[in-house]
Amino acid sequence: MTSSRTSPGLHIIHIAAEMAPVAKVGGLGDVVTGLGKALQKRGHLVEIILPKYDCMQYDRIQDLRALDTIVESYFDGKLFENKVWVGTVEGLPVYFIEPHHPGKFFWRGQFYGEHDDFKRFSFFSRAALQLLLQADKKPDIIHCHDWQTAFVAPLYWDLYAPKGLNSARVCFTCHNFEYQGTAPASELASCGLDVYQLNRPDRMQDNSALDRVNPVKGAIVFSNVVTTVSPTYAQEVRTAEGGRGLHSTLNFHSKKFFGILNGIDADAWNPASDSFLEVQYSANDLQGKAENKSAIRRRLGLSSTDDRQPLVGCITRLVPQKGMHLIRHAIYRTLELGGQFVLLGSSPVAHIQREFEGIAHQFQNHNHIRLILKYDESLSHSIYAASDMFIIPSIFEPCGLTQMIAMRYGSIPIARKTGGLNDSVFDVDDDTIPLQFRNGYTFVTPDEKGVNSALERAFDHYHNNNESWQQLVRKDMNMDFSWESSASQYEELYAKSVARARATASRA
Ligand code: ADP
């Protein structure tokens, strides 16, 4: 195992449950890779630790090999061996932890949604720290993400700093406060944390269920830096309405809490070099975009008689957060307005998946509507490229990546003004916004009237002023949503936190 620093910058370790494209469920996977690559480009040594899932895309890992070293990690009073694998994903060094526990923690055919998620991921959090300790790594920053690896923060300070893994500051990013991973307090003991010490109101005790612990709350309390994924969402979660029970904790710790808008991986999402596309294209050559539209219409069996019939795209997890009733409404309204609609989505919730299967069935041979209810990365690229407009009517949206990807592919976003959508989509008709930032259509109230108002204005513009629409498409494609500026904000937070620690150490 390489243990020494090879770069002049900071040594940053991300511990996460997802990483695109090998293990991606949603935006978290994109962020770990995108932020990691941007920080690496800026001269930092970035390493990632992931579980070794059976269902990963192994063909996207280069040079995967098992290390000779075995890492022994604690679980429920005993030590279990972990085999550690190392490989490269998108140019980033990644360690994969394979527990040799009879529970086959990451050998389940899916990433999340198992009865023992709390125990599986608290086990992984501890095994990741054990790996760092055993490999004698001296990171400056340990960055953990979401509830699955939130355990890293209390584990680090309570168990691992005293063992000598004490060079690092801990940064925690919450990508969505909806998912807090609470569990009966007693379950915390399985990874060796002290239930009696931690199940307290100022530590990990859930703010509404006193017999439960809340890993996200624990990470807020125990991390040096806490971030979420957009400035607007950072404000929203500090209110009783948006904080999902954690607003008081976030307000108490507000000095270390920041909102940084995510970027997108501008290499992975680049219509000029995207190998998933029928034809590559750029803002200077929009003919290629039109060809992608024709191609997807052929591929999905939609009518191709009218080139100027607008195609509305939507790519999403089908969960209540995403405004499913509004997505459903947008399908019917698009049809009434004479457009075409393509939805690519899948739901972890059985009844929602069934409901959309019903709609998909209703339209299965329809000329203008197609619902594809699965996760399909390749098809997602084709839809971004083919669509003229892209709808994101979220009830809440921590950051949202699809609006940024859509713009990069010249698909004009129609979005509800919430969270990160409010920080990245600005209405073309809003005179209070400087002209150069206006890039899409927005609405405020999450109801059918709201969707209609934005969708109808977009259709009007598309039909009645082709020249200005093309200008808008080119403008959106040229907007910079890369990780550059966001990564520099993370870098600044890391550097300040490290400097504070060093100043304290030198005073001691
Ligand atoms: P969230 O993290 O809440 O799911 P984001 O907008 O932050 O939402 O990220 C969604 C990411 O997942 C985007 O990269 C999007 O293209 C991708 N995605 C969502 N659903 C699908 C799907 N069914 N098939 C392929 N990609 C999908």
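For the structure, check the block above.
Definitions and cut-offs
- Residues numbered from 1 in each chain as written.
- Predicted model: local features only at pLDDT ≥ 70, side-chain atom pairs only at ≥ 80, totals over all residues.
- Heavy atoms only, no water.
- Disulfide = S-S within 2.5 Å.
- Buried < 20%, exposed > 50% of the residue type's maximum accessible area, 1.4 Å probe, protein only.
- Helix = DSSP H or I, 4+ residues; strand = E, 2+ residues; numbered from the N terminus.
- Polar contact = N/O pair within 3.5 Å; in protein donor to acceptor, adjacent residues only side chain to side chain.
- Pairing = 2+ DSSP bridges.
- Axes fitted to C-alpha atoms, helices over the stretch in contact; angles between N-to-C directions.
- Contact = heavy atoms within 4.5 Å.
- Phe/Tyr/Trp six-rings, centres within 6.5 Å; stacked < 30°, edge-to-face > 60°.
- Lys NZ or Arg CZ within 6 Å of the ring centre and 35° of its normal.
- Parallel < 35°, antiparallel > 145°, perpendicular 65-115°, else oblique.
- Near = heavy atom within 4 Å.
- Areas by Shrake-Rupley, 256 points an atom, 1.4 Å probe, with all protein chains shown as cover.
- Nonpolar A, V, L, I, M, F, W, Y, C, P; charged D, E, K, R; others polar.
- Domains from an automatic or database assignment.

Student: What am I meant to see in the state of the cysteines here?
Tutor: One covalent bond between the sulfur atoms of two cysteine residues makes up a disulfide. Scanning all chains against the criterion turns up zero disulfides. Looking at the unpaired C174, the closest cysteine sulfur is the one in C144, lying at 11 Å. Among the cysteines around C314, which has no disulfide bond, C399 carries the closest sulfur, lying 17 Å off. Here C314 falls in the buried class, since its relative accessible area comes to 1%.

Student: I would appreciate a short explanation of helix α6 (residues 215–222) in the present structure.
Tutor: Side chains three or four residues apart in an α-helix point the same way, a direct result of the helix having 3.6 residues per turn. Extensive coverage of α6 is indicated by the burial of eight of its eight residues. Among all positions in α6, only P215, V216, K217, G218, A219, I220, V221 and F222 are buried. Structurally, the start of α6 carries an N-cap: the backbone nitrogen of V216 is 3.0 Å from a side-chain oxygen of N214.

Student: Would you mind going over the sheet that holds strand β13 (residues 340–346) with me for this structure?
Tutor: Within a beta sheet, neighbouring strands are joined by backbone hydrogen bonds and run either parallel or antiparallel to one another. What the six strands build is an open sheet, ordered β14-β13-β12-β15-β16-β17; its pairing is parallel. Since the sheet does not close on itself, it has two edges, and those belong to β14 (369–372) and β17 (441–443), each with one partner. Taken over all neighbouring pairs, the strand axes of this sheet differ in orientation by 15° on average, direction set aside. Pairing of strand β15 (residues 389–392) with strand β16 (residues 412–416), which is carried by four bridges, proceeds in the parallel orientation. Counterpart to I391 in the pairing with β16 is I414. Of the strands in this sheet, β12 (311–317), β13, β14 and β15 are in contact with helix α10 (residues 324–336), which crosses β13 at around 160°. Packing of helix α12 (residues 377–386) onto the sheet brings it into contact with β12, β13, β14 and β15, and relative to β12 it is tilted by some 145°.

Student: What is the right way to read the packing of aromatic side chains from this model?
Tutor: Within a pair of aromatic rings, the relevant descriptors are the distance that separates the centres and the angle that separates the planes. With the rule as written, the count across this model stands at 24 aromatic pairs. Relative to F121, the ring of F106 lies with its centre 5.6 Å away and its plane at 55°, an arrangement referred to as tilted. Taken as a pair, F106 in the loop between β5 (92–99) and α2 (117–134) and F121 in helix α2 lie far apart in primary sequence, 15 residues in all. There is no split in this pair, since F106 and F121 are both buried. Here K52 stacks its cationic end above the ring of W85, 4.4 Å away from the centre of that ring. A cation over a ring is seen here: R308 above Y462, with NZ or CZ 4.1 Å from the ring centre.

Student: Just to check I follow, could you spell out the packing of α10 against helix α11 (residues 350–362) for this structure?
Tutor: Two numbers describe a pair of packed helices, the interaxial angle and the distance between the axes. At their nearest, the axes of α10 and α11 sit 12 Å apart, and the two run at 0° to each other. Comparing the axis directions of α10 and α11 gives the class roughly parallel. Within the contact between the two elements, α10 uses M324, I327, R328 and Y332 and α11 uses I352, E355, F356, I359 and Q362.

Student: I keep staring at the site of the ligand and nothing clicks. Help me out?
Tutor: As a structural note, the neighbourhood of the ligand is formed by 20 residues, with G27, R317, K322, Y384 and L401 the closest of them. A distance of 2.6 Å separates an oxygen atom of the ligand from a polar atom in the backbone of G27. Contact distances for the ligand include 3.0 Å between a nitrogen atom and a backbone N or O atom of D376. Against a free-state accessible area of 560 Å², the protein chains account for coverage of 93% of the ligand. When residues of the shell around the ligand are traced back to their parent elements, those giving at least two are α1 (27–41), β12, β13, α12 and α13 (402–408). If one sorts the elements of the shell around the ligand by residue count, β12 sits on top with three residues. Of the residues in the shell around the ligand, the class split is seven nonpolar, seven polar and six charged. For the shell around the ligand, the domains that each give at least three residues are domain 1 (11–264 + 485–507) and domain 2 (287–481).

Student: Explain the sheet that holds strand β1 (residues 11–15) to me, please; I cannot follow it from the model alone.
Tutor: Taken together, nine strands build an open sheet; the order of strands is β3-β4-β5-β2-β1-β6-β7-β10-β11 and the sheet is mixed. Each edge of the sheet is formed by a strand with only one pairing partner; in this case those strands are β3 (62–75) and β11 (257–259). Looking at each pair of strands side by side, their axes are set apart by 25° on average, direction ignored. Note that strand β2 (residues 45–51) and β5 share four bridges and pair parallel. Paired with P51 across the strands is I97, a residue of β5. Relative to β5, α1 is tilted by about 135°, and along the sheet it contacts β1, β2, β5 and β6 (141–145).

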